[in-house]
Amino acid sequence: VPTMSLAVYPVRSTLPAPVSGKRDLGAYASTYYDSTMWLASTALAWKINSDWQANVSYGHTEKRIDSAYETLYLTSQSGGYSNRLNPFYAPTLTYDSLQGMLEGNVHTGAIVHKIAAGFNYQTLDRTLNVTPSLSIFSGKTTGNLYQAPPVLVDTSNVNRQAFYTISDYTQKSVFLSDTVAFAPHWSLLAGLRYMDYENNNFAASGARTSHYHKKPLTPTVALLYQPSSQLTVYGNYVEALEDGGTVSNVYANANTVLAPLKSRQVEFGLKADHAKWGASAALFRIRRGAAYADYSSNSQGIYVQGGELRYQGLELNGRADLTRDLEATAGATWLDATYQATSPAIVGNRIESTPRFQAALGVNAKVRAVPGLSLHANASYVGAQAANSANAWSVPAVTLASAGGAYRSRLGENAVSYRLEISNLANRSYWNSTGSNALQAGAPRTISLNARIDL
């Protein structure tokens, strides 16, 4: 499914009518996307005594992508576009993680401290093919979303053996937390993580283009009040370092690896869990470093970091047993997401791809006449979203329905489960906002089947 860029789309225009996710928009017969991943992990747990236990784990992951893909640059409300091909994009990611943790109880008089301490060591290396010249980006590639795509021939000259290391990461950390019940119904969790984070980025020539090395100390604090075993009221504060990501190929500084972003989150909420119903509510505010597309110096856009994003809102969730065999679930989120302290042109603008309101409603029914069989149906609503940091366009709201069933049985002495899921039940056509200035056609009605056997 090709990405549709709004980089050259008329400002403040309504988006073209969405096309079906079943529609083939590929102008090149040779476009493809192949992904292969290997994962190996192992762990050792040791129960030292009744109060203390330790564990250590190691994981290795390797992911390889081999693809040729198109980007459609929308040019008019009537569905016109120009086509651009990346004839070879083949990154490889190699990830290793080693973690050890010691958990136990320390008694100080009548107070019990639940201690968790440990270390984590992670490395990530990413290689990339030497990027070829993007081919055929001219008037000959024009097409229309509602017509058959033009038939084009790839004229690029690609060296499929030329690769280089584009980035490497090393993250070392140690952490310590203490959870203590200091009064009836009250408990406090306090933790610290010290991190040594280093990132190197390279050009195809092997020259290092940027270097990032920080040693942040990030705290976690949570206060909990439990007036009963079914109700918890809490407040927490968390700081973290997040991956800055890699710039998409639609921007002039494609494949640039961005520095990590620091985030801070405050949350207050409550959770109730009863036999026949449960509910939760949370008020939250998150502040994190901003990244956005800047078109002031380049018409293709340069993806940059600067300033801050602020997310604040309310999230509600609930479940209820309507009868012995029928359960209902519901959830809703109100979100105010804006740019803060960044480029004056976008301060106060809504963050792209973040709806103001989302909601979901579902039911799950056991079929008593067929033991092991259950049926479910769900509806979800996603509100309108800004399509870029300038808020030049709005992606319309959409409501989607899905349904399915599950059957659990036995095969000899083994438990077996089968699942059927039908998403986008009404086969609606809609736009997905996939980032700044980027759209994709929403998935059409999709039927999936799977089976699982527990050995």
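These numbers were taken from a predicted model, which means no experiment stands behind them.

A. Broad picture of the overall build of the chain. When you go through the chain residue by residue, the secondary structure sums to 0 helices and 25 strands. By principal-axis analysis of the C-alpha atoms, the chain measures approximately 80 × 60 × 55 Å. In the chain, which comprises 455 residues, the share counted as buried stands at 36%. Long-range pairs, those at least 24 residues apart, make up 62% of the contacts in the chain with a sequence separation of at least 6. Of the accessible surface of the chain, which amounts to about 24300 Å², a share of 58% is contributed by carbon and sulfur atoms.

B. Main features of the side chain of Asp-168. Summarising the element assignment, Asp-168 is placed in strand E8 (residues 163–183). For the buried Asp-168, which has no salt bridge, the nearest side chain bearing the opposite charge is Arg-208, at an N-O separation of 7.6 Å. Every residue in contact with Asp-168, bar those within four places of it in the chain, is listed here: Leu-124, Asp-125, Glu-198, Asn-199, Asn-200 and Phe-202.

C. Structural view of the side chain of Gln-171. Tracing the chain through its elements places Gln-171 in strand E8. For Gln-171, a relative accessible area of 18% translates into the label buried. Aside from chain neighbours lying at most four places away, what touches Gln-171 is Asn-120, Tyr-121, Gln-122, Met-195, Asp-196 and Tyr-197.

D. Spatial organisation of the packing of aromatic side chains. Under the counting rule described, the total for this entry stands at 9 aromatic pairs. With a centroid separation of 5.1 Å and 50° between ring planes, the pair formed by Trp-334 and Phe-357 is classed as tilted. Placement of the pair is Trp-334 in strand E16 (residues 326–340) and Phe-357 in strand E17 (residues 357–366), with a sequence separation of 23 residues. The exposure class assigned to Trp-334 is partly exposed, which follows from its relative accessible area of 40%. Given the relative accessible area of 27%, Phe-357 is considered partly exposed. Judged by centre distance (6.4 Å) and plane angle (20°), the ring pair of Tyr-407 and Tyr-418 falls under stacked. Of the two residues, Tyr-407 is situated in strand E21 (residues 398–411) and Tyr-418 in strand E22 (residues 414–423); the sequence distance between them amounts to 11 residues. Note on Tyr-407: relative accessible area 31%, which makes it partly exposed. An aromatic cluster is defined as three or more aromatic residues linked by ring pairs; in this entry it consists of Tyr-169, Tyr-197 and Tyr-212.

E. Representation of the pairing of E17 within the structure. Relative to E17, E16 runs antiparallel, the two being bridged by 9 bridges. Bridge pairing links Ala-328 to Val-363 in E17. Pairing between E17 and strand E18 (residues 373–382): 9 bridges, direction antiparallel. When the bridges of E18 are listed, Lys-366 appears paired with Ser-374. Hairpin remark: E17 followed by E18, antiparallel, with 6 residues in the connecting loop; positive phi at Gly-372, about 95°.

F. Representation of the confidence of the model for the chain within the structure. This prediction gives the chain a mean pLDDT of 91; 97% of its residues lie at or above 70. Ranking the elements of the chain by mean pLDDT puts strand E4 (residues 80–89) last with 87 and E17 first with 98.

G. Region of the structure containing the nonpolar core. Met-4, Leu-6, Leu-15, Leu-74, Leu-145, Trp-431 and Leu-439 are the most contacted members of the largest nonpolar core, which totals 17 residues. Setting aside residues up to four positions removed in sequence, Leu-439 forms contacts with Pro-2, Thr-3, Met-4, Leu-6, Leu-15, Leu-74, Val-395, Trp-431, Asn-432, Ser-433 and Thr-434. The next biggest cluster of nonpolar side chains, apart from the first, holds 10 residues, and it includes Phe-284, Ala-290, Tyr-311 and Ala-337.

H. The environment of Tyr-311, seen in detail. Considering the arrangement of structural elements, one finds Tyr-311 in strand E15 (residues 302–321). Accessibility expressed as a relative area gives 16% for Tyr-311, which makes it buried. Separated by 25 residues in the primary sequence, Tyr-311 and Ile-286 place their C-alpha atoms 5.0 Å from one another. The contacts of Tyr-311, once residues within four sequence positions are left out, are Phe-284, Arg-285, Ile-286, Arg-288, Leu-335, Asp-336, Ala-337, Ile-351 and Thr-354.

I. Focus on a nonpolar patch on the surface. Together, Leu-44, Val-56, Tyr-58, Leu-98, Phe-119, Tyr-121, Val-174, Leu-192, Tyr-194 and Leu-217 make up an exposed nonpolar region whose accessible area comes to about 880 Å². Broken down by secondary-structure element, the contributors of at least two residues to the nonpolar patch are strand E3 (52–74), strand E6 (111–129) and strand E9 (186–202). You can see Leu-192 is positioned in strand E9. Here Leu-192 falls in the partly exposed class, since its relative accessible area comes to 45%.

Each value, and the rule that gives it
- Residues numbered from 1 in each chain as written.
- Predicted model: local features only at pLDDT ≥ 70, side-chain atom pairs only at ≥ 80, totals over all residues.
- Heavy atoms only, no water.
- Helix = DSSP H or I, 4+ residues; strand = E, 2+ residues; numbered from the N terminus.
- Buried < 20%, exposed > 50% of the residue type's maximum accessible area, 1.4 Å probe, protein only.
- Contact = heavy atoms within 4.5 Å.
- Areas by Shrake-Rupley, 256 points an atom, 1.4 Å probe, with all protein chains shown as cover.
- Lys, Arg positive; Asp, Glu negative; His and termini not counted.
- Salt bridge = Lys/Arg side-chain N within 4 Å of Asp/Glu carboxyl O.
- Phe/Tyr/Trp six-rings, centres within 6.5 Å; stacked < 30°, edge-to-face > 60°.
- Pairing = 2+ DSSP bridges.
- pLDDT = per-residue confidence, 0-100.
- Core = buried A, V, L, I, M, F, W, Y, C linked by side-chain atoms within 4.5 Å.
- Patch = residues over 30% accessible without salt bridge, like charges linked within 9 Å, V, L, I, M, F, W, Y side chains within 5 Å.

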